[in-house]
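# Coordinate analysis (summary)
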Amino acid sequence: MQILYFAWVRQKVGLGQETLELPGDVADVAGLMRHLAGRSPGHAAAFAQAKQIRAAVNQEFCAPNHPLRNGDEVAFFPPVTGG
Amino acid sequence: MQILYFAWVRQKVGLGQETLELPGDVADVAGLMRHLAGRSPGHAAAFAQAKQIRAAVNQEFCAPNHPLRNGDEVAFFPPVTGG
Amino acid sequence: MARVLVQEACFDLAAEQARLGEGRVDVGGIAAFTGLCRADDGIAALVLEHYPGMTERALEKIAAEAESRWPLTGCTVIHRVGRILPGEPIVLVLAASRHRSAALEACAFLIDWLKTGAPFWKREEFADGGERWVEARASDDAAAARWAG
Amino acid sequence: MARVLVQEACFDLAAEQARLGEGRVDVGGIAAFTGLCRADDGIAALVLEHYPGMTERALEKIAAEAESRWPLTGCTVIHRVGRILPGEPIVLVLAASRHRSAALEACAFLIDWLKTGAPFWKREEFADGGERWVEARASDDAAAARWAG
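Criteria and cut-off values
- Residues numbered from 1 in each chain as written.
- Chains lettered and ligands numbered in written order.
- Predicted model: local features only at pLDDT ≥ 70, side-chain atom pairs only at ≥ 80, totals over all residues.
- Heavy atoms only, no water.
- Pairing = 2+ DSSP bridges.
- Helix = DSSP H or I, 4+ residues; strand = E, 2+ residues; numbered from the N terminus.
- Axes fitted to C-alpha atoms, helices over the stretch in contact; angles between N-to-C directions.
- Contact = heavy atoms within 4.5 Å.
- Least-squares fit on C-alpha atoms with pLDDT ≥ 70 in both.
- pLDDT = per-residue confidence, 0-100.
- Salt bridge = Lys/Arg side-chain N within 4 Å of Asp/Glu carboxyl O.

### Some remarks on the sheet that holds strand β7 (residues 120–126) of chain D
Residue and element names in this part refer to chain D. Read across the open sheet, the four strands follow the order β5-β3-β7-β8; overall the sheet is antiparallel. A single partner strand is all that each edge strand has here, and the edge strands are β5 (82–84) and β8 (131–133). Across the sheet, the axes of successive neighbouring strands diverge by a mean angle of 25 degrees, strand direction being ignored.

Okay, structure coming up:
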C-alpha cells in the first residue's frame, strides 16, 4: 500500500511517501498509525502526536476505525488550514 | 418649498419638480399629499394611490405624519427598487 | 471612509478590488457582489432613475453603518443609473476586512440594505415598446429586516 | 459544472467573473470572495502545501454540494499553492445565480467549507528565518458547521 505524509507529519517522518505491505495484525487506520510509529525515530516523533493527526483513505477523510486493505492509498496529515 | 417627484409619481403628475408656498392648513406630509392632489388631474391621478407613495423630507425618508416647514424639500415616489 | 459612486458608466471590478488592497498587508478577505440586469420576460433594457443628492447621502449612510458594525478595512458601493442592457452590471458592493466573516457579512448587509434604503427606481423597457415600473418586493424588505436592530 | 483549479499562478478575478456572465442574460448576481495573505506577526511568506488529486476531488465535491443546495448558474473555486507573499491572493470563490441571496449564501458556504474540507496546509515563513505551521482554528470548524445537515 501507498502511504503519504503532509505538512509537519511529512517533516517529522522525513519522507513524503513510502510503500509497504499491510501487516497482518493491522486492521484499521489507528492500527496502521501504531505500526508506523515503530518504523523510525522520525515516525515515532510524528505519531507521538496521534490525536493531532488526520487521515484519508483513497483520498477521502476517514476516522481512526476505518478498515484497511492492502491496495489502499493512506495519507496522514494535520487538520487542514486552507482557504 | 421645493416638491420633487420620481418614477411613476413623476410620470402621473407630469412634472419632475415644482415650487410652492406651504399652505397654512397643511401641517404634515399626509396633509401636503391631500393638498397636492387638488392641483391638477395629473396630481389627482398620482396621489389617488397615496398608500403606494413614499416621501422624503430634506432627503430623509419620512412617515406621513412628519411635520413640515416652508423651507423643506419634499419628495414623493414609489417604494424604492434599486440594487 | 467608504467609496460611494452613482454613475452612468460601467465600473471596473478588478480596479475597485485592487483599490481596497493596494499597498496594504492587513486585508485577509474581500467580498464582492455584482448585481446584473437579467432579460426576464423579454426585457430589452432597464432604466434606473434616482434622487440626486439624497442617493449619495443614503449610500454613504449605509456604508457608514456597515463600517460601524464590522471591522472593515474599506468598502465600496457603486450604483449605475440610466439605461442598462441585459447582461450589464447594475451595482457593485465590496467589503474588505482582516477576517472573511466580516467581509462576507458586510457585503450581504450592504446589498440587502441598499435595495430598500436608497432612492433608486427601475423601469423595464420591453422589445415591443411597452414599459413597466418594477414593484418593490416583500422579499427585499425581509432581507433588509434581517439586519435590523 | 463548477470550475475548480489548484495552481501556483495568481488568478484574474475580472476574467473569472466574466466567464460566469459571458453570453448569458439570466444571471442576476455574482458573489465573489478573495482570500489574501496578511503580514501578521512579521510573516514574510505563506507556503501552501496540498494533496494533489485529493484536493481537486474535495473542491469538486464542495462545489457540487453548493450547486445542489442553491440554484446556481455557475461557480468557480481557485486555490493557489506554493509560496505566497503578503498582499497576494490565496483563494478565489465565485457563485452566480438568478438571485442575489443564492449567490451570496453559496459563496459564503464554499469558502467556509473549503477551509475545513479540502487538504491544504499553510506554513508561515518569518523574516528572521523561522517557520511555523498554521494551526486549525475552532472558529473555522464552527463556520463550516453552520452549513451542516
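Having seen the model, we can carry on.
### Concerning the sheet that holds strand β1 (residues 2–5) of chain B
Residue and element names in this part refer to chain B. In space, the five strands of this open sheet follow the order β2-β1-β5-β3-β4, with mixed pairing throughout. The open sheet has two edge strands, β2 (17–19) and β4 (60–62), and neither has a second partner. Strand-to-strand twist in this sheet, taken as the mean axis angle between neighbours without regard to direction, amounts to 25 degrees. Note: β1 against strand β5 (residues 73–77), four bridges, orientation parallel. In the strand pairing of β5, Leu4 is matched with Ala75. Helix α2 (residues 29–37) contacts β1, β2, β3 (54–57) and β5 of the sheet and is inclined by roughly 70 degrees relative to β5.

### Description of the relation of the copies chain C and chain D
Mapping chain C onto chain D leaves a residual RMSD of 0.0 Å; the transformation is a rotation of 180 degrees accompanied by 0.0 Å of translation along its axis. Put plainly, the chains are arranged around a two-fold axis. When the interface residues of chain C are mapped onto chain D, 100% of them again lie at the interface, so the same face is used by both copies.

### Regarding the environment of Pro41 of chain B
Counting through the fold element by element, Pro41 of chain B comes out in helix α3 (residues 41–47). Residues Pro41 of chain B and Val74 of chain B lie 33 residues apart in sequence; the distance between their C-alpha atoms is 20 Å.

### Some thoughts on the arrangement of the chains
Counting contacts across all three pairs of chains that touch, the top pair turns out to be chains C and D. A minimum C-alpha distance of 29 Å separates chain A and chain B, which share no contact. For chain A and chain C, which are not in contact, the least C-alpha distance works out to 10 Å.

### As for the confidence of the model for chain C
Overall, the prediction assigns chain C a mean pLDDT of 96, with 99% of residues at 70 or greater. We note a pTM of 0.95 for the whole complex and an ipTM of 0.94 for its interfaces.

### Details of the pattern of salt bridges
In this structure the tally under the stated criterion is 38 salt bridges over all chains. Here Asp41 of chain C ties to Arg132 of chain C by a salt bridge, and the two come within 3.9 Å at their closest N and O atoms. Separated by 91 residues along the polypeptide, Asp41 of chain C in the loop between β2 (29–36) and β3 (43–50) and Arg132 of chain C in strand β8 (residues 131–133) bring together distant segments of the chain. Counted as one network, the salt bridges with shared partners bring together Arg100 of chain C together with Asp112, Arg137, Asp140 and Arg146 of chain D.

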